[in-house]
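# Per-entry structural report
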Amino acid sequence: MWGDKRYHTLNYELRKIFGQKVMKLSLDGGFTCPNRDGTLGTKGCIFCGEEGSGEFAGSRCLSIKEQIEEQIKLLSRKWDTNRYIAYFQNFTNTYSTCEELRNIYFEAIEESGVVGLAIATRPDCLGEDVLDLLSELNEKTFLWIELGLQTIHEKSAKFIRRGYPLSTYDEAIEKLKKRNIRVVTHLIFGLPNESHNDILKSIRYVAKTNTWGVKFHLLYIQKGTDLYEYYLNNPFSLMDKDEYISLVIDGLELLPKEMIVHRVTGDGKKELLYEPKWSLDKLKVLSGIDNELKIRGSYQGKKYMI
Ligand code: SF4
């Protein structure tokens with residue numbers, strides 16, 4: 001229904017819009033996060049690694065222009081394209097003065113071949129001045145904002161030390177929608193003490209808010225994080241591959257067909273991953289999802305209800 005997929009992938013959508021393959025360039029804008037600099041906390045979210053959730057980004061020692069050139073060089077070995085989305089992934093990418101944000105974002109979108117801008121941030125870091133800047137960028141380029149909601153359940157939000165309530169996410173969505181800015185919501189599957197049903201409730205919630213896109217992440221234990229320490233002291237059950245695949249499909253069925261699915265697997269670094277090891281074989285997980293969708297006669301939106 002979406003090329004060779006039974007769900008609405010980002011790849012499909014970007015090809016439709018830009019007429020060719022578009023690659024994301026993961027950039028490090030040199031930001032920090034209120035959950036780490038002492039404003040809300042110093043330890044960050046429990047699963048967050050040293051590099052602030054963006055282990056594959058360019059180096060912050062380089063300028064944005066240099067990072068873009070470096071990433072293009074790396075990707076050109078694998079992909080034949082000259083269209084890119086500049087993706088600010090590490091830490092909280094709207095957590096600075098508007099002047100600095102403006103300089104960084106514009107440096108990125110002015111590079112040749114950059115057709116869009118993706119900014120990962122927190123819903124509590126979107127003041128009116130930042131929103132005004134985002135509106136301006138939205139006029140100039142293909143913009144989307146990524147918000148790490150992870151779960152709608154307050155108990156889990158406390159456990160992961162997210163640092164804001166669900167209402168803050170709701171308010172941010174409202175404000176961004178009013179400005180016609182695309183939003184992608186991140187959800188994590190497999191948090192301790194969350195049942196299959198709890199996760200489906202989070203998915204239904206995001207389906208109802210009808211953001212432009214969604215990312216499904218598998219909870220994985222990465223060495224060097226507080227979650228790793230917690231897991232060693234309080235081992236909890238982690239999802240196996242079949243369980244995860246089944247959950248992803250249940251989730252896809254609940255989404256509206258127009259919602260873009262940016263990700264359906266985790267993406268941890270091999271050398272840092274402790275568990276679950278099966279998550280390293282991304283291709284197997286992706287083909288497992290495709291196969292199971294076929295076997296079930298299923299597709300995105302099959303059970304979506306307005
Ligand atoms: S909000 Fe993002 S960058 Fe900040 S601590 Fe949490 S995961 Fe890390």
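Our subject in this report is the structure included herewith. In this text the structure is predicted, and so the values were computed from the model without any measurement. (Residues numbered from 1 in each chain as written. Predicted model: local features only at pLDDT ≥ 70, side-chain atom pairs only at ≥ 80, totals over all residues. Heavy atoms only, no water.)

## So, the overall build of the chain
When helices and strands are tallied, the chain shows 10 helices and nine strands. What you see for the chain is a C-alpha radius of gyration of 18 Å, in line with the 19 Å of a compact globule of 306 residues. Taking the principal axes of its C-alpha atoms as reference, the chain extends roughly 45 × 45 × 40 Å. Counting across all 306 residues of the chain, residues that qualify as buried make up 55%. When the accessible surface of the chain is totalled, it reaches about 14100 Å², and 49% of it is carbon and sulfur. Positive and negative side-chain charges in the chain, numbering 43 and 43 respectively, have mean positions lying 5 Å apart. (Helix = DSSP H or I, 4+ residues; strand = E, 2+ residues; numbered from the N terminus. Rg over C-alpha atoms; globule rule 2.2 N^0.38 Å. Buried < 20%, exposed > 50% of the residue type's maximum accessible area, 1.4 Å probe, protein only. Areas by Shrake-Rupley, 256 points an atom, 1.4 Å probe, with all protein chains shown as cover. Lys, Arg positive; Asp, Glu negative; His and termini not counted. Charge placed at Lys NZ, Arg CZ, Asp CG, Glu CD.)

## Points about the packing of aromatic side chains
Taken as a whole and assessed by the stated rule, the structure comprises 13 aromatic pairs. Here the aromatic rings of F142 and W144 are separated by 6.2 Å at their centres, their planes lie at 85°, and the arrangement is edge-to-face. No difference in accessibility class separates F142 from W144, as the two residues are buried. Plain terms: the ring middles of F189 and Y244 are 6.0 Å apart, the flat faces sit at 55° to each other, and that makes the pair tilted. One end of the pair, F189, is in strand β5 (residues 182-189); the other, Y244, is in helix α9 (residues 241-254), with 55 residues separating them in the sequence. An aromatic cluster is present here, built from F159, Y228, Y230, Y231, F236 and Y274 joined pairwise through their rings. Note that K24 overlies the ring of Y87, its terminal NZ or CZ placed 4.6 Å from the centroid. (Phe/Tyr/Trp six-rings, centres within 6.5 Å; stacked < 30°, edge-to-face > 60°. Lys NZ or Arg CZ within 6 Å of the ring centre and 35° of its normal.)

## Focus on unusual backbone geometry
Here the bond from E275 into P276 is cis, since omega is -15°, no more than 30 degrees from zero. Mapping P276 onto the fold places it in the loop between β9 (273-275) and α10 (282-296). The backbone phi angle of F91 is positive, close to 60°, even though this residue is not glycine. Here F91 lies in the loop between β2 (84-88) and α3 (98-109). Take F91: its relative accessible area is 18%, and that puts it in the buried class. A positive phi is found at N180, a non-glycine position, where the angle reads about 60°. Secondary-structure assignment places N180 in the loop between α6 (166-178) and β5. Residue classification places N180 among the exposed positions, given a relative accessible area of 63%.

## Some remarks on helix α2 (residues 64-76)
In a regular helix each residue adds 1.5 Å, so 13 residues correspond to 18 Å; α2 covers 18 Å between its end C-alpha atoms and thus fits that length. Those residues of α2 lying buried are I64, Q67, I68, Q71 and L75. Angular distribution of buried residues about the axis of α2 spans 100°; they occupy a single face of the element. Buried residues along α2 sit against β1 (23-27), β2, α3 and β3 (114-121). (Expected span 1.5 Å × (residues − 1). Arc of directions from axis to C-beta. Contact = heavy atoms within 4.5 Å.)

## Describing the pairing of β5
β5 sits mainly inside the fold: seven of its eight residues count as buried. In this sheet, β5 lies alongside strand β4 (residues 142-150) in parallel orientation, the contact comprising five bridges. Across the sheet, Q150 pairs through a bridge with L187, a residue of β5. In this sheet, strand β6 (residues 213-218) lies alongside β5 in parallel orientation, the contact comprising six bridges. In the sheet register, T185 faces β6, and the bridge partner there is V214. The β-α-β motif built from β5, the intervening helix α7 (residues 196-209) and the parallel element β6 has right-handed crossover chirality. (Pairing = 2+ DSSP bridges. Right-handed = clockwise from strand over helix to strand, strands pointing away.)

## A few points about the nonpolar core
Grouped together as the largest cluster of nonpolar side chains are 67 residues, with contacts concentrated most on Y105, L134, F189, F216, L252 and I289. Ranked by residue count, the leading element in this core is α9, at seven residues. Aside from chain neighbours lying at most four places away, what touches L134 is Y105, I119, L126, L143, I145, L176 and I181. (Core = buried A, V, L, I, M, F, W, Y, C linked by side-chain atoms within 4.5 Å.)

## Describing the pairing of β1
Most of β1 is tucked away, with four of its five residues classed as buried. Note that β1 and β2 share five bridges and pair parallel. Bridge pairing links S26 to Y87 in β2.

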